[in-house]
Amino acid sequence: EDQVTQSPEALRLQEGESSSLNCSYTVSGLRGLFWYRQDPGKGPEFLFTLYSAGEEKEKERLKATLTKKESFLHITAPKPEDSATYLCAVRRNTDKLIFGTGTRLQVFP
Amino acid sequence: NAGVTQTPKFRILKIGQSMTLQCAQDMNHNYMYWYRQDPGMGLKLIYYSVGAGITDKGEVPNGYNVSRSTTEDFPLRLELAAPSQTSVYFCASSSSDRERGPLHFGNGTRLTVT
């Protein structure tokens, strides 16, 4: 069965303390892995798309990487404004996305 | 630059009532989707559409209906509301480039059925 698992469920970091979020997947016919950021009371906001193992994307303090079984979202020197829930989703060889349950990140000053 | 607009933001329904959640996008996207998000669960696909006049069921379609008469609008109809339909509903759209297009989400409708 196709599955997307994110870990940890929640992460508390001190400002400046770098860390990584994990998204592991078992999906046949992967057609893209997506990272989204979701703030409370808002819809998910697109961050990155990765298509093949070894691919990396960066945006400000965020860097996403992809292997054949998992993706990491690395957060370097986070700030309080990076606090949000980060969602991972994979697209199979169809139009549909399968979402993980997210990692809730809190960054304290 | 509106993107995906959902109305209403909040709604409380009594069991057995019906309502329509509205969704409109101004990006000329062919693909549109309805998801529900429950605490501790991933987003679940209810229905989707690949273009005007074409709709299909997702993972959790029971109790819902959709229509797509224009490219811009994709309303979701709840008939005979039940407490199990208490959730946050998100509408999303993507370009017709199926291999490359991320989903763009609205800000959701929080529905409570009591």
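Cut-offs applied
- Residues numbered from 1 in each chain as written.
- Chains lettered and ligands numbered in written order.
- Predicted model: local features only at pLDDT ≥ 70, side-chain atom pairs only at ≥ 80, totals over all residues.
- Heavy atoms only, no water.
- Pairing = 2+ DSSP bridges.
- Helix = DSSP H or I, 4+ residues; strand = E, 2+ residues; numbered from the N terminus.
- Axes fitted to C-alpha atoms, helices over the stretch in contact; angles between N-to-C directions.
- Salt bridge = Lys/Arg side-chain N within 4 Å of Asp/Glu carboxyl O.
- Buried < 20%, exposed > 50% of the residue type's maximum accessible area, 1.4 Å probe, protein only.
- Contact = heavy atoms within 4.5 Å.
- Buried area = accessible area lost by both parts, 1.4 Å probe.
- Nonpolar A, V, L, I, M, F, W, Y, C, P; charged D, E, K, R; others polar.

Draft legend 1. Spatial organisation of the sheet that holds strand β6 (residues 56-59) of chain A. All names here are of chain A. Taken together, 5 strands build an open sheet; the order of strands is β1-β3-β8-β7-β6 and the sheet is antiparallel. The outermost strands of the open sheet, each flanked by one partner alone, are β1 (3-7) and β6. Averaged over all adjacent pairs, the angle separating strand axes in this sheet is 15 degrees, with direction ignored. One ladder, built from 5 bridges, connects β1 with strand β3 (residues 19-26); its direction is antiparallel. Counted as the bridge partner of Thr 5 is Ser 24 from β3.

Draft legend 2. Layout of the pattern of salt bridges. Residue and element names in this part refer to chain A. Taken as a whole and judged by the stated rule, the model has 7 salt bridges over all chains. Among the salt bridges present, the one from Asp 82 reaches Arg 61, with a minimum N-O distance of 2.8 Å. Here Asp 82, found in the loop between β8 (70-75) and β9 (84-91), pairs with Arg 61, found in the loop between β6 and β7 (62-66); they are 21 residues apart in sequence, far enough to count as distant. Since its relative accessible area comes to 6%, Asp 82 is described here as buried.

Draft legend 3. The interface of chain B and chain A, seen in detail. Contacts between the two partners involve 22 residues from chain B and, on the opposite side, 19 residues from chain A. Overall, the association of chain B and chain A removes approximately 1,700 Å² of surface from exposure, summing both partners, and the carbon and sulfur fraction of that is 51%. Remark: the boundary between chain B and chain A carries 0 salt bridges. When contributions to the side of chain B that touches chain A are tallied by element, the ones reaching two or more residues are β4 (31-37) and β5 (44-51) of chain B. Ranked by residue count, the leading element in the side of chain B that touches chain A is β4 of chain B, at 4 residues. Classifying every residue of the side of chain B that touches chain A gives 12 nonpolar, 6 polar and 4 charged.

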